Amino acid sequence: MKKIVLILAFLFFPISVNAYYEVTNPNCTIYLRNELRLRAFEIIYSNEKYLDNGVVYFRLLVNNIPFELNVKDLDTNIVYKDHFTINKILPGSIKNFQIYANSNTECNGYNTYTKIVSIPYYNKYSENILCEGYEDYVLCKESSRVNLSLEAFEDAMNEYIESIKKLQEKPDDNIIEEKESFIDIFLNFIYNNYITILVSIIIVGIIGIVIILLVKRKKYNF
């Protein structure tokens, strides 16, 4: 099962496998190299935003580095053997790290791959008062890349807010107020009282028939 995992990792992660320097140790087998590549994926990268003298920065935290691997910051050439933190990273930056085997393994110096970490952008207008209630709009999202002057941002937001208000205030042209006609009222009355009306008609009909019969009887008796 472990061999299958190693093969899948090799196929689905098309990353650089060139040596950091030439590895000549015959004990550094392909199996061991693939294991080191898998161990490299155990490293955890996380970032957090913070404010320093009114400027927004990010700090990158790198943890869970396996004892067989070193992490080299390709921007500064600093090599880390244990967890570390890099401060004052500008929003939207890219950090590149070389992950390679150290002397704790037979593959000392073997380059597993290059890790690229993207630092989020920071939208300085996300806390602007115009964004209150519109936090999901692209110009107000904290991670949006917004390259506008304050004046251009305010103009764009005011235009957007105005368009939203117009949509909310626009009457629905499809709604037409209809007044009931006399016929409608009459038919509704019949529909709602048809049982009473039917009984009344029957009673009136019976009374009419009785009256007619009585009148005819009196007429012939006379």
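A brief look at the structure comes next. Predicted model, so just to flag it, every value in this text is computed and none were measured. (Residues numbered from 1 in each chain as written. Predicted model: local features only at pLDDT ≥ 70, side-chain atom pairs only at ≥ 80, totals over all residues. Heavy atoms only, no water.)

**Digging into the side chain of Asn 128**
Point 1. Mapped onto the elements, Asn 128 comes out in the loop between strand S7 (111-118) and helix H3 (150-169).
Point 2. Separated by 2.9 Å, the side chain of Asn 128 and the backbone nitrogen of Leu 130 make a polar contact.
Point 3. If near-sequence neighbours (up to four positions away) are discounted, Asn 128 is found in contact with Leu 150 and Phe 153. (Helix = DSSP H or I, 4+ residues; strand = E, 2+ residues; numbered from the N terminus. Polar contact = N/O pair within 3.5 Å; in protein donor to acceptor, adjacent residues only side chain to side chain. Contact = heavy atoms within 4.5 Å.)

**Some remarks on the nonpolar core**
Nonpolar side chains in soluble globular proteins generally cluster together in the buried interior.
Point 1. Formed by 27 residues in total, the largest nonpolar core has its most connected members in Tyr 45, Phe 84, Phe 97 and Ile 99.
Point 2. Counting only elements with at least two residues in this core, the list comes to helix H2 (30-40), strand S2 (55-63), strand S3 (69-73), strand S5 (84-89), strand S6 (94-101) and S7.
Point 3. When residues in this core are grouped by element, the largest group, four residues, is from S2.
Point 4. Here Tyr 45 is in contact with Leu 61, Val 62, Phe 97, Ile 99, Tyr 113, Lys 115 and Val 117, once residues within four sequence places are set aside.
Point 5. Listed in part, the nine residues of the second largest apolar core include Tyr 125, Leu 130, Cys 131 and Met 157. (Core = buried A, V, L, I, M, F, W, Y, C linked by side-chain atoms within 4.5 Å. Buried < 20%, exposed > 50% of the residue type's maximum accessible area, 1.4 Å probe, protein only.)

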